[in-house]
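Each chain, letter by letter, is given below.
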Amino acid sequence: QWQLVESGGGSVQPGGSLRLSCTAPGFTLNDYHVGWFRQAPGKGRKGVSCISASDGSTTYVDFVKGRFTISRDHDKNTVYLQMNSLKPEDTAEYYCAATRHWVVNIHRMCQGYGQDYWGKGTLVTVSS
């Protein structure tokens, strides 16, 4: 059973937008850094964007800066990834992950260290 639940994936044309959501049905995400990772066909899983449990600071990998925005709604216990100006290179399975905030900072988390929980993923396909 997956601890996190992602939603919002789908198929879009280049330049389109999608909004991904990550929730934790069984616990609050307030004490966790939360991040989005993606795995393209034939590639390894890479960090995309993460948000801090404490001050809401964020980090983005270079190839999504200016196009993607991560945000957190504490009342809804949800973390979002707004993806604009999507490119075919963004095609991947997108995964949500959560890490207890004292384990690593968000930069290390987005490098792939310390994740406590994962979702099963949601597929994003960008093609014309």
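Thresholds, definitions, all that
- Residues numbered from 1 in each chain as written.
- Predicted model: local features only at pLDDT ≥ 70, side-chain atom pairs only at ≥ 80, totals over all residues.
- Heavy atoms only, no water.
- Phe/Tyr/Trp six-rings, centres within 6.5 Å; stacked < 30°, edge-to-face > 60°.
- Helix = DSSP H or I, 4+ residues; strand = E, 2+ residues; numbered from the N terminus.
- Lys NZ or Arg CZ within 6 Å of the ring centre and 35° of its normal.
- Disulfide = S-S within 2.5 Å.
- Buried < 20%, exposed > 50% of the residue type's maximum accessible area, 1.4 Å probe, protein only.

K.L.:
Even after reading the chapter, I still don't get the packing of aromatic side chains, so can you show me in this structure?
P.N.:
The geometry of an aromatic ring pair is captured by two quantities: the separation of the ring centres and the angle between the planes. Counted according to the given criterion, the structure contains five aromatic pairs. Pairing Tyr 95 with Trp 118 gives two aromatic rings, centres 6.5 Å apart and planes at 85°, and the pair type is edge-to-face. Of this pair, Tyr 95 sits in strand E9 (residues 92-100) while Trp 118 sits in strand E10 (residues 117-118), placing them 23 residues apart in sequence. Here Arg 45 stacks its cationic end above the ring of Tyr 95, 3.8 Å away from the centre of that ring. When the ring centre of Trp 118 is taken as reference, the NZ or CZ atom of Arg 45 above it lies at 4.6 Å.

K.L.:
Even after reading the chapter, I still don't get the state of the cysteines, so can you show me in this structure?
P.N.:
Linking two cysteines covalently through their sulfur atoms gives a disulfide. By the definition in use, this model includes two disulfides. Between Cys 22 and Cys 96 runs a disulfide, and the two sulfur atoms are separated by 1.8 Å. Here the S-S torsion is close to -75°, and the disulfide linking Cys 22 with Cys 96 is therefore left-handed. Separated by 74 residues along the polypeptide, Cys 22 in strand E3 (residues 18-23) and Cys 96 in strand E9 bring together distant segments of the chain. With relative accessibility at 0%, the residue Cys 22 sits in the buried group. Disulfide pairing is shown between Cys 50 and Cys 110; the S-S distance is 1.9 Å. Here Cys 50 and Cys 110 share a disulfide; its torsion about the S-S bond, 115°, makes the bridge right-handed. A residue pair is termed long-range when its members are at least 10 positions apart, and Cys 50 in strand E5 (residues 45-51) and Cys 110 in helix H1 (residues 106-110) qualify at 60 residues.

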